[in-house]
Amino acid sequence: MNLEEYFARTGYKGSTEKQDLETLTDIFQHHIRAVPFENLSIHCGEKITLELEHVYNKIVRKKRGGWCMENNQLLGWVLKSLGYDTSFLGAYVFNPHQNAYATLMTHLVVKVVIDGKAYIVDGGFGVSYQMWQPMELVSGKDQPQAPGVFRFTEINGVWYLEKMRRKQYIPNQSFSNSDLLEKKECRKVYMFSLEPRTVEDFRFQCTYLQTSPDSLFTKKSICTLQTTDGFRALIGWTLTETTYNYKENMDLVEFVTLEDEEVEKTLKEKFNITLETKLVPINVKGSYTI
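Here we summarise the structure given alongside this text. (Residues numbered from 1 in each chain as written. Predicted model: local features only at pLDDT ≥ 70, side-chain atom pairs only at ≥ 80, totals over all residues. Heavy atoms only, no water.)

### As for a negative patch on the surface
- Among the surface-exposed residues, E259, D260, E261 and E262 lie close enough to one another that they form a single negatively charged patch.
- Positionally, D260 belongs in helix 7 (residues 260–271). (Patch = residues over 30% accessible without salt bridge, like charges linked within 9 Å, V, L, I, M, F, W, Y side chains within 5 Å. Areas by Shrake-Rupley, 256 points an atom, 1.4 Å probe, with all protein chains shown as cover. Salt bridge = Lys/Arg side-chain N within 4 Å of Asp/Glu carboxyl O. Lys, Arg positive; Asp, Glu negative; His and termini not counted. Charge placed at Lys NZ, Arg CZ, Asp CG, Glu CD. Helix = DSSP H or I, 4+ residues; strand = E, 2+ residues; numbered from the N terminus.)

The structure is reproduced here in structure tokens:
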């Protein structure tokens, strides 16, 4: 494992001399635009493991993506190797269908401290809830970014992340009522405490999420990648391309349904992913919005 190989994977050619916010943001943005958030291993007969060398080999050498425990673990290693003050935190993801936060801590994020200020760096959520810049860990402050306005709120030591989105324009009206579309303009994302976590704290969750019939990730094949002006997502056979701020306070969301034979080609052309084994797409209705 080496940083030069990782930076070649993400296309980052900037400085690594300073451990400042500007460098962190640049490295982070290169990561989210090169490395998809995806769970395709579950749907092509592969096992997701949390060993760092396995994660590195999958993302850097095989040019795959991963979910939060893979993406953010790799990002944490990169930042720590560069000299950043980093630690892992664990979050509980909000389920809009149940109107409640999960009882299982399934989401791993990175906390980075620069000059006494703490930031949350999360390269493993995907779609429109994916932050594009590290978020300052302050309560009650709107933090506008290209995807929308993010905000942390702290109550009794628990931190809550929410996101406000723009209106959406869907040219293909046959998708205007798609269950993939978020209807609320303000959406809770996850909650977390500042208790430091290790990768070991996520072993059970990693197995559960890829094997349980109740897991969102066994019900849907997901691949999503941030672009310079929005993001792409392939959920089952449904390809969406979102352009942020297409018009004032309006995001453009384009939908298309793929045929089976188009899926592999689309993964290569839109997400730069070539799978070693055959993908079986799946999209069982569930609590997942883009």
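What follows continues from the structure just given.
### Things to note about helix 4 (residues 68–81)
- For helix 4, with 14 residues, the first-to-last C-alpha span of 19 Å sits near the 20 Å given by 1.5 Å per residue.
- For helix 4, the buried fraction is high: twelve of the 14 residues fall into the buried class.
- Just past helix 4, the residue G83 takes up positive phi, approximately 105 degrees. (Expected span 1.5 Å × (residues − 1). Buried < 20%, exposed > 50% of the residue type's maximum accessible area, 1.4 Å probe, protein only.)

### Examining the pairing of strand 13 (residues 230–235)
- Within strand 13, five of the six residues are buried, which leaves the element mostly enclosed by the surrounding structure.
- Where strand 12 (residues 222–226) lies against strand 13, five bridges are found, and the strand directions are antiparallel. Across the sheet, residue I222 finds its bridge partner in strand 13, namely I235.
- Joining the antiparallel neighbours strand 12 and strand 13 is a turn of three residues.
- As paired strands, strand 13 and strand 14 (residues 238–247) are joined by six bridges and run antiparallel to one another. Residue pairing in the sheet places I235 in a bridge with T238 of strand 14. (Pairing = 2+ DSSP bridges.)

### Description of the side chain of S41
- Position of S41 relative to the elements: it lies in the loop between strand 1 (37–38) and helix 3 (52–61).
- Take S41: its relative accessible area is 2%, and that puts it in the buried class.
- Apart from residues no more than four positions distant in its own chain, S41 is found in contact with E46, I48, K58 and R64. (Contact = heavy atoms within 4.5 Å.)

### A few points about the sheet that holds strand 14
- Strand order across the open sheet formed by six strands is 1-12-13-14-15-10, with mixed pairing between neighbours. At either end of the open sheet lies a strand with only one pairing partner, and these are strand 1 and strand 10 (167–169).
- Here strand 14 runs beside strand 15 (residues 250–257); their pairing, made up of seven bridges, is antiparallel. Bridge pairing in strand 15 places T238 opposite T257.

### A word on the nonpolar core
- By size, the foremost hydrophobic cluster in this structure holds 73 residues, and its most contacted members are W67, M69, I120, Y190, F192 and I290.
- Counting residues per element, this core draws most heavily on helix 4, at seven residues.
- In this structure, L40, C223, L267 and L279 belong to the second largest nonpolar core, which totals eleven residues. (Core = buried A, V, L, I, M, F, W, Y, C linked by side-chain atoms within 4.5 Å.)

### A look at unusual backbone geometry
- The backbone phi angle of N249 is positive, close to 55 degrees, even though this residue is not glycine.
- Counting through the fold element by element, N249 comes out in the loop between strand 14 and strand 15.

### A few points about the pairing of strand 8 (residues 148–155)
- Bridge analysis of strand 7 (residues 142–145) against strand 8 gives four bridges, and the strand direction is antiparallel. Considered in strand 8, the bridge of P144 is made with V149.
- A loop of two residues connects strand 7 with strand 8, the two strands running antiparallel in sequence.
- The turn linking strand 8 back onto strand 9 (residues 158–164) is made up of two residues, and N156 within it adopts a positive phi angle of 50 degrees.

### Re the environment of E162
- Looking at the element boundaries, E162 is found in strand 9.
- Considering only alpha carbons, one finds E162 and D142, 20 residues apart in sequence, at a separation of 9.9 Å.
- Excluding its chain neighbours within four sequence positions, the residues that come into contact with E162 are V149, F150, R151, T153, C186, R187, K188 and V189.
- Within the structure, the side chain of E162 is placed 2.5 Å from the side chain of R151, a separation counted as a polar contact. (Polar contact = N/O pair within 3.5 Å; in protein donor to acceptor, adjacent residues only side chain to side chain.)

### Some details on helix 7
- Given a rise of 1.5 Å per residue, twelve residues ought to cover 16 Å, and the 17 Å separating the end C-alpha atoms of helix 7 matches this to within 8%.
- Residues of helix 7 that are buried sit in contact with strand 12, strand 13 and strand 14.
- Looking one or two residues beyond helix 7, the residue adopting positive phi is N272, at roughly 55 degrees.

### What to know about the environment of Q130
- Tracing the chain through its elements places Q130 in the loop between strand 5 (117–121) and strand 6 (135–136).
- Through-space distance from the C-alpha of Q130 to that of T242 is 13 Å; in sequence the pair is 112 residues apart.
- The contact partners of Q130, leaving out residues within four places of it in the chain, are F28, I32, D122, G123, G124, F125, P147, F150 and Q226.
- Among the polar contacts made by the side chain of Q130, one reaches the main-chain amide nitrogen of F125 at a distance of 3.2 Å.

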